[in-house]
Amino acid sequence: MFPNQQSRPTVFPVNPFNPREDAGVLRKAMKGFGTDEKSIIQVLTKRSNEQRLRIALEFKTLYGKDLISDIKSETSGKFEDLLIALLTPLPKFYAKELHEAMVGIGTDEGVLIEVMCTMSNYEIHSIKQAYTAIYGKILEDDIRGDTSGNFNRLMTSLCVGNRSEDFTVDQNRARDDARKLLQAGELRMGTDESTFNMILCSRSYPQLAAIFQEYEYLTGHEIEHAIKSEFSGDIEKALLTIVKVVRNKPLYFAERLHKSMKGLGTNDKQLIRIMVTRCEVDLGDIVEAFQTKYGETLQSWIEGDCSGHYKKCLLGLLGAY
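Residues numbered from 1 in each chain as written. Predicted model: local features only at pLDDT ≥ 70, side-chain atom pairs only at ≥ 80, totals over all residues. Heavy atoms only, no water.

- The protein chain carries the name Annexin in an unreviewed UniProt entry, which gives Bombyx mandarina as its organism.
- Its UniProt record gives the protein chain the following Sequence similarities (unreviewed entry) comment, quoted word for word: "Belongs to the annexin family." (UniProt positions renumbered as here; feature names shortened; annotations may be inferred.)

Encoded structure:
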């Protein structure tokens, strides 16, 4: 989504906002016997991330208790995970997701790709700061230690957070870059991965859109075709993700949401991550892209796939509860 395209959130800051009153509602919902989940959902899904953090501050000021600890003792399972995610500052939330994707045996490259290939420079810098603050380590070092080959180099480039953010398009440079990509891939034996890395990690999104268009003029097919025939595995997925983000970011997240729920079982971590991180950005557009692509509503998928207060809370983020 380029700056001239207004993206549509589904969660907005409430105005007027009274954090003290909200803290009181939450305290009452968790005090004594039983828990009033409905009130918790109503407050937390109808406030922005920043407002939720202010409510947590008021809660501690008024009651001498930590809101997150109280929620952990009053709720459980995926509902608890979702509420904790809603009460975490976004950079810290992303940092935790990346860390969890890399600790232990094996790496969840899907998470690395979803976060690193879709964030702006500012977001990447905020996440890196949060990562160091929480873990005392440098994100780039951990990513490099956990990945290899071309995928490692691509992730390292993205981790720098130095993509051009100049929104004017230079058509001549776009033509040049398209030629370079063609010569680095389809026109040679083997692939010069470094050219793909350089162009896809450093050019601005509008410039990349122009490059992909020029590539199509030159070859008669889309850049995706070249990436699929020249690359495989994680590097292929990551490059295709960058292309998707350039072409239609909401559609990329709609596909990720669909994937998290289709087939047997649900990838709740992925579902929670996307719902929580996009609801104040472009979840309205994602809902529309989902419906267009799959002919069914995201709401109906969540209703069919999730249950209980967890389901209601997700629907709350869609403005449907």
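Following the structure, the description resumes.
### Remarks on the overall build of the protein chain
- Scanning the protein chain from terminus to terminus reveals 19 helices and 0 strands.
- What you see for the protein chain is a C-alpha radius of gyration of 21 Å, in line with the 20 Å of a compact globule of 321 residues.
- Overall, the protein chain is about 70 × 45 × 40 Å in size when its C-alpha atoms are taken along their principal axes.
- For the protein chain, with 321 residues in total, the buried portion stands at 48%.
- Long-range contacts, defined as pairs at least 24 residues apart, comprise 72% of the intrachain contacts of the protein chain with a sequence gap of at least 6.
- Looking at the protein chain as shown, the accessible area adds up to about 15100 Å², and 49% of this sits on carbon and sulfur atoms. (Helix = DSSP H or I, 4+ residues; strand = E, 2+ residues; numbered from the N terminus. Rg over C-alpha atoms; globule rule 2.2 N^0.38 Å. Buried < 20%, exposed > 50% of the residue type's maximum accessible area, 1.4 Å probe, protein only. Contact = heavy atoms within 4.5 Å. Areas by Shrake-Rupley, 256 points an atom, 1.4 Å probe, with all protein chains shown as cover.)

### Thoughts on the domain arrangement of the protein chain
- Under the domain assignment used here, the protein chain contains domain 1 (17-85), domain 2 (90-158), domain 3 (169-245) and domain 4 (248-316).
- Between domain 1 and domain 2, the C-alpha centre-to-centre distance is 29 Å. (Domains from an automatic or database assignment.)

### Looking at unusual backbone geometry
- With omega at 5 degrees, the peptide bond leading from N15 into P16 counts as cis.
- Looking at the secondary structure, you find P16 in the segment before α1 (19-30).

### With respect to the environment of E288
- If you trace the backbone, E288 turns up in helix α17 (residues 283-294).
- The class for E288 is partly exposed, based on a relative accessible area of 46%.
- Each C-alpha atom, one on E288 and one on L251, is 8.7 Å from the other, the two residues being 37 residues apart in sequence.
- Polar side-chain contacts of E288 include one of 2.7 Å to the side chain of R8. (Polar contact = N/O pair within 3.5 Å; in protein donor to acceptor, adjacent residues only side chain to side chain.)

### What to know about the packing of aromatic side chains
- Taken as a whole, this structure holds 6 aromatic pairs when the rule is applied.
- Among the aromatic residues, those joined into a cluster by ring pairs are F290, Y294 and W301.
- When the ring centre of Y63 is taken as reference, the NZ or CZ atom of R27 above it lies at 5.4 Å. (Phe/Tyr/Trp six-rings, centres within 6.5 Å; stacked < 30°, edge-to-face > 60°. Lys NZ or Arg CZ within 6 Å of the ring centre and 35° of its normal.)

### Focus on the packing of helix α7 (residues 109-116) against helix α10 (residues 149-160)
- Look at α7 against α10: their axes get within 11 Å of each other, and the N-to-C directions meet at 35 degrees. When the axes of α7 and α10 are compared, the crossing they make is left-handed. Of the residues in α10, those in contact with E109, L112, I113 and M116 of α7 are F151, M155, L158 and C159.
- Broken down by class, the residue content of the contact of α7 with α10 amounts to 7 nonpolar, no polar and 1 charged. (Axes fitted to C-alpha atoms, helices over the stretch in contact; angles between N-to-C directions. Left-handed = near helix turned anticlockwise from the far one by under 90°. Nonpolar A, V, L, I, M, F, W, Y, C, P; charged D, E, K, R; others polar.)

### Remarks on the nonpolar core
- Judged by nonpolar contacts, the single largest core of 97 residues is most densely connected at M155 and M275.
- Among the elements that take part in this core, helix α15 (residues 233-261) stands out by supplying 13 residues, more than any other.
- Setting aside anything within four residues of it in sequence, one finds M275 in contact with L257, L283, L298, I302, L314, L317 and L318. (Core = buried A, V, L, I, M, F, W, Y, C linked by side-chain atoms within 4.5 Å.)

### Observations regarding helix α4 (residues 67-74)
- Three or more residues of α4 are buried, namely L67, D70 and I71. One side of α4 carries all its buried residues, which in axial view fall inside an arc of 100 degrees.
- Residues of α4 that are buried sit in contact with α1, α2 (37-44), α3 (49-63) and α5 (77-86). (Arc of directions from axis to C-beta.)

### Let's talk about the environment of N121
- Note on placement: N121 falls in helix α8 (residues 121-135).
- Through-space distance from the C-alpha of N121 to that of N162 is 6.0 Å; in sequence the pair is 41 residues apart.
- At 2.8 Å, the side chain of N121 and the backbone oxygen of R163 are in polar contact.

### Some points on α8
- Taking 1.5 Å per residue, 15 residues should reach 21 Å; α8 reaches 21 Å between its end C-alpha atoms and fits that length.
- Inspection of α8 places N121, I124, S126, I127, A130 and Y131 among the buried residues, and these make up the whole buried set.
- Where α8 is buried, its residues contact α6 (90-102), α7, α9 (139-146) and α10.
- Just beyond α8, the residue with positive phi is G136, at close to 65 degrees. (Expected span 1.5 Å × (residues − 1).)

### Examining the side chain of T156
- Looking at the secondary structure, you find T156 in helix α10.
- Within the structure, the side chain of T156 is placed 2.7 Å from the backbone oxygen of N152, a separation counted as a polar contact.
- Excluding residues within four positions of it along the chain, T156 makes contact with E140 and R144.

### Comments concerning the pattern of salt bridges
- All chains considered together, the criterion is met by 22 salt bridges.
- The closest approach of N and O atoms between D268 and K78, which form a salt bridge, is 3.8 Å. On the criterion of sequence distance, the pair formed by D268 in helix α16 (residues 268-278) and K78 in helix α5 is long-range, its members being 190 residues apart.
- With relative accessibility at 15%, the residue D268 sits in the buried group.
- Put simply, E97, E100, E114, R256, K269 and R273 are held in one network by salt bridges that share partners. (Salt bridge = Lys/Arg side-chain N within 4 Å of Asp/Glu carboxyl O.)

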